[in-house]
Amino acid sequence: MKYSWKKGAALFAAALVAAGALCACAPQENASSLEEEHVSSPYDLENDGSDTTLVVAELFVNQERTRALQEIAKKYQADFPQTQIRIVTVESGEEAQMLLEEGGADLVEISNQEQVDCVNQGLLVELTPYLENWEELSHLTEPAKQVTASLGKDQAYLLPATLDQDLLYYRSDWFEEYNEGKDTGLAYCRVWEDLPETAEKLQDKGAAGLVFGGKDHLVDLFDSMVWSGVNLGRLEDPAAGYFSAVEDHDTVFTLEQAATAAEQLATLVESCVPEEALTWTEEEAVEAFTQGKAIMLLAGQDQMEKIASSMEEGTWDAAAYPRGIAGVAITGLDFTGFGVAASSENVGNAVHFLTYLSNGDNNTHLSKVSGTVPIHTTAADMELSLEESSLAVNLLMVRRVDWYFYAQEPVMYQAHEGYRDWANDLLREYLAGQTGQQELLDQLDEYWSQARSQEGELWDGETE
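Residues numbered from 1 in each chain as written. Predicted model: local features only at pLDDT ≥ 70, side-chain atom pairs only at ≥ 80, totals over all residues. Heavy atoms only, no water.

**Looking at helix H8 (residues 172–179)**
Taken together, the buried positions of H8 are Ser172, Trp174, Phe175 and Asn179. End-on, the buried residues of H8 take up no more than an arc of 160°, which puts them together on one face. Those residues of H8 hidden inside the fold are in contact with strand E5 (166–170), helix H9 (194–201), strand E7 (294–300) and strand E8 (317–319). Immediately beyond the C-terminal end of H8, within one or two residues, lies Gly181, with a positive phi of roughly 80°. (Buried < 20%, exposed > 50% of the residue type's maximum accessible area, 1.4 Å probe, protein only. Helix = DSSP H or I, 4+ residues; strand = E, 2+ residues; numbered from the N terminus. Arc of directions from axis to C-beta. Contact = heavy atoms within 4.5 Å.)

**Comments concerning the sheet that holds strand E6 (residues 208–212)**
With mixed pairing, four strands are arranged side by side in an open sheet as E6-E7-E5-E8. A strand with exactly one partner marks an edge of an open sheet, and here the two such strands are E6 and E8. The sheet shows a mean angle of 25° between the axes of neighbouring strands, direction not considered. With five bridges connecting them, E5 and E7 associate as antiparallel partners. (Pairing = 2+ DSSP bridges. Axes fitted to C-alpha atoms, helices over the stretch in contact; angles between N-to-C directions.)

**Focus: the packing of helix H11 (residues 256–272) against helix H18 (residues 419–431)**
At a minimum axis separation of 10 Å, H11 and H18 run at an interaxial angle of 65°. The angle between H11 and H18 places the two elements in the roughly perpendicular class. The crossing of H11 and H18 is right-handed. Between H11 and H18, the residues in contact are Ala262, Glu263, Leu265, Ala266 and Val269 and Leu427, Tyr430 and Leu431, respectively. Here the contact of H11 with H18 is composed, by residue class, of seven nonpolar, no polar and one charged. (Parallel < 35°, antiparallel > 145°, perpendicular 65-115°, else oblique. Left-handed = near helix turned anticlockwise from the far one by under 90°. Nonpolar A, V, L, I, M, F, W, Y, C, P; charged D, E, K, R; others polar.)

**Considerations on the pattern of salt bridges**
For the structure shown, the criterion picks out 16 salt bridges. For Glu64, the salt bridge identified is with Arg67, shortest N-O distance 3.9 Å. Remark: Arg67 and Glu64 occur in helix H3 (residues 63–79); sequence separation between them is three residues, near one turn of the helix. With a relative accessible area of 36%, Glu64 lands in the partly exposed category. Glu177 is the salt-bridge partner of Lys205, the closest N and O atoms lying 3.0 Å from each other. (Salt bridge = Lys/Arg side-chain N within 4 Å of Asp/Glu carboxyl O.)

**As for the packing of aromatic side chains**
Ring pairs (aromatic) are described by centroid distance and by the angle formed between their planes. Summed over all chains, the structure comprises 22 aromatic pairs. Look at Tyr419 and Tyr447: their rings are 5.4 Å apart centre to centre, the planes differ by 40°, and that puts the pair in the tilted class. Highlighted residues: Tyr419 in helix H18 and Tyr447 in helix H19 (residues 437–455), separated in sequence by 28 residues. Of the residues examined, Tyr419 reaches a relative accessible area of 2% and is grouped as buried. Look at Tyr447 and you get partly exposed, because its relative accessible area is 25%. Clustering of aromatic rings is evident, with ring pairs tying together Trp227, Tyr242, Phe243, Phe253, Tyr413, Tyr419, Trp422, Tyr447, Trp448 and Trp459. Sitting over the ring of Trp403, Arg400 keeps its end group 3.6 Å from the ring centre. (Phe/Tyr/Trp six-rings, centres within 6.5 Å; stacked < 30°, edge-to-face > 60°. Lys NZ or Arg CZ within 6 Å of the ring centre and 35° of its normal.)

**A word on unusual backbone geometry**
Not every positive phi belongs to a glycine, and Asn231 is a case in point at roughly 75°. By the secondary structure assignment, Asn231 is in the loop between helix H10 (214–230) and H11. If you check the backbone angles, Asp248 has positive phi at about 70° while not being a glycine. Within the secondary structure layout, Asp248 lies in the loop between H10 and H11.

**Describing the environment of Gly122**
Summarising the element assignment, Gly122 is placed in the loop between helix H5 (112–120) and helix H6 (128–131). Exposure remark for Gly122: the relative accessible area of 45% places this residue in the partly exposed category. Considering only alpha carbons, one finds Gly122 and Asn359, 237 residues apart in sequence, at a separation of 26 Å.

**Considerations on the environment of Leu107**
Residue position: Leu107 is located in strand E3 (residues 107–111). As for Leu107 and Asp216, which are separated by 109 residues in sequence, their C-alpha atoms are 31 Å apart. Once residues within four sequence positions are removed from consideration, Leu107 is found in contact with Val55, Val56, Ala57, Gly339, Val340, Ala350, Phe353 and Leu354.

**Digging into the pairing of strand E10 (residues 334–340)**
Of all seven residues that make up E10, six are buried, and the element is covered over most of its length. Pairing geometry for E3 and E10, over five bridges, is antiparallel. By the bridge assignment for E10, Leu107 is matched with Val340. Inspection of the sheet shows strand E4 (residues 159–164) paired to E10 by five bridges, in the antiparallel sense. If you follow Asp164 over to E10, its bridge partner there is Asp334.

**Some words on empty space enclosed by the protein**
Applying the stated criterion to the full structure yields three cavities of 30 Å³ or more. In this structure, the largest cavity spans a volume of roughly 80 Å³. Taken together, the elements giving at least two residues each to the lining of the largest cavity come down to E4 and helix H15 (360–370). Counted by class, the lining of the largest cavity contains five nonpolar, three polar and one charged residues. (1 Å grid on protein atoms, 1.4 Å probe; cavity = no way out; pocket = protein on both sides within 12 Å on 5 of 7 lines; lining within 4 Å. Points joined across faces, edges and corners; volume = space filled by probe spheres on them.)

**Examining the environment of Ala288**
With respect to the helices and strands, the residue Ala288 is situated in helix H12 (residues 282–290). A sequence separation of 61 residues divides Ala288 from Asn349, and the C-alpha atoms of the two residues are 49 Å apart. Not counting residues up to four positions away in its chain, the partners in contact with Ala288 are Trp280, Lys293 and Ala294.

Printed below as a string of structure tokens:
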């Protein structure tokens, strides 16, 4: 039976109650001395003062972030001189995972692509009981919360380090030219319904309405449309976004909102997405946009620097991800996060440094110097200059907590292996008219209903 830290905490609390009852019968001086005694928990966030060396492996982002990590490590060592911290840099998630497997680091930054395998191998410490004592947990942004709960809401293995989500890039010069002097009928790109209308309004530019990397990301676009229609309340868990919490519906694909989303996808593609974009890589889509061949581009935040270096200032801008049929946008995320190695000789001190590294002050500093997305809602107040940076659109989405949310495919399932390629092909067949809407939804439902039946409810951290 899998040990539940919550059940252990309940037993611990019961023991404290029993101890309190005994103290009530003891002499007053004994009761007083017991009240002064500190009762510690194995999950307290503290440095125990023992001689400790922590090796922290980061995935390389840029030199600025590496230097900032080293500065944060020095600050920590000044407060806890018995702890020595060494920052090492790796070039890939595979290299980071190898360090975990070899016991070569105490804290390791891995991407969402390695997390499931690392957890399945028992390489990472479960952080949930520690985070219950972390005062800054409630200050995390919605995407940062999704990272911590990316394998299920009751289990956490990573604290986010970098976040990458799709944004809508658009030709701001063309929008401004069209909208000048108008009070109504303006060109917008706030919700999906805006995009076909805007493509028609700006058709004189001789450019496609919307491009994206359909070769790898068509399923991402469909996922977001489905989730944005279904809404979070109908999902069993955002970490397993295909499973329905609605009675008599195993998956979201049998809900009426999924049919509406499928129709929305077909309308969008038919009206403003060039056929070739369905087979493009994201890099090809970015190139088309920067060359003036598209009005709008759906691409990751990690493409912003390339776009900025390829286009004149004032010709483009970035907007939040378009909202869906329920008035919200629910999207997936790519991310990296720091986890604590199960092989660490001092897990308590390693977790303590992880929360120190991830606190509002230090993470906001990292965001400022390296351009990474902040993970705390307080970042904009702590560092006003972020509002004028390339992160402004992220801060906008942080403020609109009623509009922007996050979910994920059920990556913890064996059924997820190979799923994306199959689903992308199925969606292309649907958009080409080779597969009907009901057949599309039936196949997706059958696939994930079978996975749920065979593998269980893997997002549940209390599985026995």
